[in-house]
Amino acid sequence: MISIGTPIHFGAILAAIMLAACQASIPETGDLSAETVSVQTVVDDAPDGEALVSAYQNWKTSILISSKAHSIKWREDMRLLWINANAEPEGFARDVALRVIHDQFPRNASIWDPVEVSKIIEEIDPPITDEKLSFISRYLFQQMQTTDAENAVWIEEQYALNQGWFKISDYGTFASTNAWLLVQHAVHRPDFMAQVLDEMQRLYPDDEVRSQDYALLYDRVQMISEKPQRYGSQFTCQAGIMAVYSLEDPGALDALRASVQLGPFSEVADGIVGQLC
């Protein structure tokens with residue numbers, strides 16, 4: 001399963017598996033000890049695991065703190081997010097942006113930069129082998145799961161402290177959208193996701209949240225509830241083939257997407273539907 005807001009034509013299978021695994025494996029209690037152990041177990045079980053992880057972390061830091069723009073888009077997006085986060089005064093806007101960086105970096109590295117990730121292995125312990133590539137994949141996967149669980153606990157606490165959603169008029173679009181992303185990935189806390197969705201539904205007509213954020217959360221909550229989606233942002237793996245999750249009104253799909261400032265469905269579906277998964 002994958003949610004699509006802007007055109008993405010690579011990594012759909014990874015994202016689908018990631019969401020399904022998160023729903024199945026992270027405890028609802030918010031106890032992160034098992035996830036923390038599983039990440040460390042992945043490292044401990046691999047030859048040169050610690051060295052490979054250290055190299056990965058150094059590579060990540062070099063991308064974030066670079067004084068020069070990156071030619072690869074996702075790296076530049078991460079660098080700019082780092083700059084913007086640290087330009088914020090201490091408080092919620094900075095904290096949530098930093099959490100989004102740790103949410104997005106392993107996803108982007110897995111999806112967009114597998115060649116560069118493999119170079120980390122080559123530099124530390126050549127030659128590249130399937131076993132080492134499998135280790136990096138497992139490590140990034142566990143990092144994603146653990147980060148999502150930690151972020152879900154944190155954003156729910158912040159939501160309670162704020163006594164409601166982080167309105168654009170109060171926090172700005174940057175903080176509001178970053179907060180939405182953490183909720184979007186809190187798939188093991190469906191009641192909280194539904195609570196936020198109810199509030200966003202009241203807020204987005206007044207531009208207090210982005211309409212795109214509302215739409216993607218609506219579809220995600222519907223899918224988790226095993227109900228049809230409205231905006232065509234969710235995909236699933238059916239019999240080994242990527243397919244769009246069921247729709248409320250297929251004939252009105254593009255009109256519904258346009259109403260929340262999403263582009264035509266074909267722009268995002270062409271590179272996903274029909275792929276092996």
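Before reading on, note that the structure itself is shown above.
Caption draft 1: Examining the packing of aromatic side chains more closely. Considering all chains together, one arrives at 18 aromatic pairs under this definition. Note on Phe92 and Trp154: the rings are 5.7 Å apart at their centroids and 5° apart in plane angle, and the pair reads as stacked. Within this pair, whereas Phe92 is found in helix H5 (residues 92-112), its partner Trp154 is found in helix H7 (residues 130-162), the two being separated by 62 residues in sequence. A centroid spacing of 5.1 Å and a plane angle of 65° characterise the contact between Trp165 and Phe166, whose relative ring orientation is edge-to-face. Given the relative accessible area of 1%, Phe166 is considered buried.

Caption draft 2: Seen up close, the pattern of salt bridges. Under the defined criterion, the tally for this structure stands at seven salt bridges. Between Arg107 and Asp103 there is a salt bridge; the shortest N-O distance is 3.4 Å. In this pair, Arg107 and Asp103 both sit in helix H5, four residues apart, roughly one turn of the helix. Just as Arg107 is buried, Asp103 falls in that class too. Here the residues in one salt-bridge network are Asp103, Arg107 and Asp148, joined through shared partners.

Caption draft 3: Up close: the nonpolar core. If you look at the biggest cluster of nonpolar residues, it comprises 53 residues, and the most contacted ones within it are Phe105, Ile155, Trp165 and Leu217. When contributions to this core are tallied by element, the ones reaching two or more residues are helix H3 (49-64), helix H4 (73-87), H5, H7, helix H8 (168-184), helix H9 (190-203) and helix H10 (211-224). Among the elements that make up this core, the one with the highest residue count is H7 (nine residues). Excluding its chain neighbours within four sequence positions, the residues that come into contact with Ile155 are Phe92, Phe166, Ala179, Leu182, Val183 and Phe192. Met242, Leu253, Phe265 and Ile272 belong to the second largest nonpolar core, which has seven residues in total.

Caption draft 4: Local environment of the pairing of strand S3 (residues 241-244). Two strands pair when backbone bridges link them, and strand S2 (residues 234-238) and S3 are joined in this way by four bridges, in the antiparallel orientation. In the strand pairing of S3, Gln238 is matched with Ile241. Counting the residues that bridge the hairpin from S2 to S3 gives two residues, and of these Ala239 lies at a positive phi of roughly 55°.

Caption draft 5: Here's a closer look at the packing of H8 against H10. Across the interface, H8 lies against H10 with an axial gap of 10 Å and an inter-helix angle of 10°. For the element pair H8 / H10, the angle class is roughly parallel. Contact residues: Thr177, Trp180, Val183 and Gln184 in H8; Asp213, Leu216, Leu217 and Arg220 in H10. Within the contact of H8 with H10, the residues separate by chemical class into four nonpolar, two polar and two charged.

Caption draft 6: Geometry of the packing of H9 against H10. Between H9 and H10, the shortest axis-to-axis distance is 10 Å and the interhelical angle comes to 140°. Compared by their axis directions, H9 and H10 come out oblique. When you trace H9 past H10, the crossing you get is left-handed. Across the interface between the two elements, Pro190, Met193, Ala194, Val196, Leu197, Met200 and Gln201 of H9 pack against Asp213, Tyr214, Leu217, Tyr218, Arg220, Val221 and Ile224 of H10. A breakdown of the residues in the contact of H9 with H10 according to their chemical character gives 11 nonpolar, one polar and two charged.

Calculation rules
Residues numbered from 1 in each chain as written. Predicted model: local features only at pLDDT ≥ 70, side-chain atom pairs only at ≥ 80, totals over all residues. Heavy atoms only, no water. Phe/Tyr/Trp six-rings, centres within 6.5 Å; stacked < 30°, edge-to-face > 60°. Helix = DSSP H or I, 4+ residues; strand = E, 2+ residues; numbered from the N terminus. Buried < 20%, exposed > 50% of the residue type's maximum accessible area, 1.4 Å probe, protein only. Salt bridge = Lys/Arg side-chain N within 4 Å of Asp/Glu carboxyl O. Core = buried A, V, L, I, M, F, W, Y, C linked by side-chain atoms within 4.5 Å. Contact = heavy atoms within 4.5 Å. Pairing = 2+ DSSP bridges. Axes fitted to C-alpha atoms, helices over the stretch in contact; angles between N-to-C directions. Parallel < 35°, antiparallel > 145°, perpendicular 65-115°, else oblique. Nonpolar A, V, L, I, M, F, W, Y, C, P; charged D, E, K, R; others polar. Left-handed = near helix turned anticlockwise from the far one by under 90°.

That is the geometry; function is a separate question.
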